[in-house]
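# Coordinate inspection notes
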Amino acid sequence: MLQSLILLLNQTPLSHGFRRLYALGLRLLIAALAKNPAVFCIFGCGSYFDERATYGLSDIDLIIVLHDRVKRSDAAPREIAHAYERVRRIFPFLGRWYEKEANLIFLSDIEAGFPFPESFRVRFKTGRLVPLYGGPMPRDFLTGPVTISEVLAELNTLIRLSLVTELRPARRMVFWKRIFSKLIALAELAELPRMAADIRAHDELTFLDNTDTRLFFRVAQPEQLFSLLLQMARRMCDFVQ
């Protein structure tokens with residue numbers, strides 16, 4: 001009920017108040033995280049930083065990079081989680097920590113020879129990360145264009161997310177708008193303009209032009225839309241092959 005109310009209030013001048021509230025929560029969160037000496041830098045990504053947030057639906061998505069001296073077994077990751085949750089108690093739109101924990105990047109892993117996560121590499125290479133705190137990343141680790149393997153890894157993540165998400169959000173059309181919008185973006189990254197155009201023009205996806213607020217109140221058929229997603233993902237793989 002509260003979420004529905006906020007979405008309706010977005011259609012009024014109160015949306016400016018929500019914008020200021022989000023900005024305040026972000027400032028306080030960055031200040032809290034920056035106190036931990038393990039934090040090397042922080043990036044923001046997603047609709048909020050693209051100036052297209054739907055207040056009540058969009059959360060603030062951060063990627064927190066830890067110094068190369070910090071190991072996964074150290075106390076620092078737990079301390080960061082506690083600092084995050086303390087701020088989130090006041091600003092719940094920050095999103096639950098267990099959904100954000102995968103956005104912790106350990107430079108010690110990179111120094112040991114492990115690659116950056118695919119999502120981070122794709123966002124970094126396409127300039128979709130907004131620096132919020134700390135020093136610049138070592139760019140020699142993240143040079144060159146987006147590769148086919150990175151696109152396919154993102155496609156795999158998209159399918160898994162659609163499959164395991166809770167039924168409540170999956171029954172709202174706004175969830176599927178985001179899934180298929182990301183699929184279009186992946187097709188464009190893979191230099192498949194025909195595929196991207198076909199997705200936009202598909203008879204079952206005309207809802208992509210509707211606003212997030214309107215789609216929040218529309219019921220979806222998740223089985224049918226997931227089947228369509230799987231069909232299009234297979235087709236994209238065939239194109240890539």
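For the structure itself, consult the block above.
For every chain, the first residue of the written sequence is number 1, and numbering continues from 1 onward in sequence order. In view of the model being predicted, local features appear only for residues whose pLDDT reaches at least 70, and side-chain atom pairs are presented and counted only at 80 or more, with totals across whole chains, interfaces and linings using the full set of residues. Side-chain descriptors were evaluated using all non-hydrogen atoms of the structure, hydrogens and water having been removed beforehand.

### Describing the sheet that holds strand S1 (residues 39-45)
Note on pairing: two strands pair once DSSP finds at least 2 bridges between them. Here a helix means four or more residues in a row that DSSP labels H or I, a strand means two or more in a row labelled E, and each is numbered from the N terminus. Reading across the sheet, the 4 strands line up as S3-S2-S1-S4 and stay open at both edges, with mixed pairing between neighbours. Edge positions in the open sheet fall to strand S3 (104-106) and strand S4 (130-134), since each of these has one partner strand only. Neighbour to neighbour, the strand axes of the sheet diverge by 20 degrees on average, direction disregarded. Note on contacts: a residue pair is in contact if any heavy atoms of the two residues lie within 4.5 Å. Working convention: axes come from line fits to C-alpha atoms, limited for helices to the stretch in contact. Angles between N-to-C directions cover 0 to 180 degrees. Seen against the sheet, helix H2 (residues 15-34) touches S1, strand S2 (61-66) and S4 and runs at an angle of roughly 15 degrees to S2. Strand contacts of helix H3 (residues 76-88): S1, S2 and S3, with the helix running at about 150 degrees to S2, the strand carrying the most contacts.

### Concerning the pattern of salt bridges
Salt bridge, as applied in this entry: a Lys or Arg side-chain nitrogen positioned within 4 Å of an Asp or Glu carboxyl oxygen. The tally for this structure, following the rule as stated, stands at 10 salt bridges. A salt bridge links Arg121 to Glu150; the shortest N-O distance between them is 2.6 Å. Here Glu150 lies in helix H7 (residues 148-164) and Arg121 lies in helix H6 (residues 118-125), a separation of 29 residues in the sequence. When sorted by exposure, Arg121 lands in the same class as Glu150, which is buried. Between Arg178 and Asp212 there is a salt bridge; the shortest N-O distance is 3.7 Å. Relative accessible area decides the class of each residue, using a 1.4 Å probe on protein chains only: under 20% of the type maximum gives buried, over 50% gives exposed, and in between gives partly exposed.

### Focus: the packing of aromatic side chains
Between the rings of Phe, Tyr and Trp (Trp by its six-membered ring), a pair exists once the centres lie within 6.5 Å; its type follows the angle of the planes, with under 30 degrees stacked, over 60 edge-to-face, and the other angles tilted. All told, the structure shown has 13 aromatic pairs when counted by the stated rule. Taking 4.8 Å as the distance between ring centres and 75 degrees as the angle between the ring planes, the aromatic pair formed by Tyr22 and Tyr55 counts as edge-to-face. Separated by 33 residues along the polypeptide, Tyr22 in helix H2 and Tyr55 in the loop between S1 and S2 bring together distant segments of the chain. Considered together, Tyr22 and Tyr55 belong to a single accessibility category, that of buried residues. Ring geometry for Tyr48 against Phe49: centres 5.1 Å apart, planes inclined by 90 degrees, an arrangement best described as edge-to-face. Comparing Tyr48 with Phe49, the two get one shared label, buried. An aromatic cluster is defined as three or more aromatic residues linked by ring pairs; in this entry it consists of Tyr22, Tyr48, Phe49, Tyr55, Phe91 and Phe93. Directly above the ring of Phe216 sits Arg172, whose terminal nitrogen or CZ lies 4.0 Å from the centroid. Here, over-ring charges are defined by two tests on the NZ atom of lysine or the CZ atom of arginine: distance to the ring centre within 6 Å, and angle to the ring normal within 35 degrees.

These figures capture arrangement, not role.
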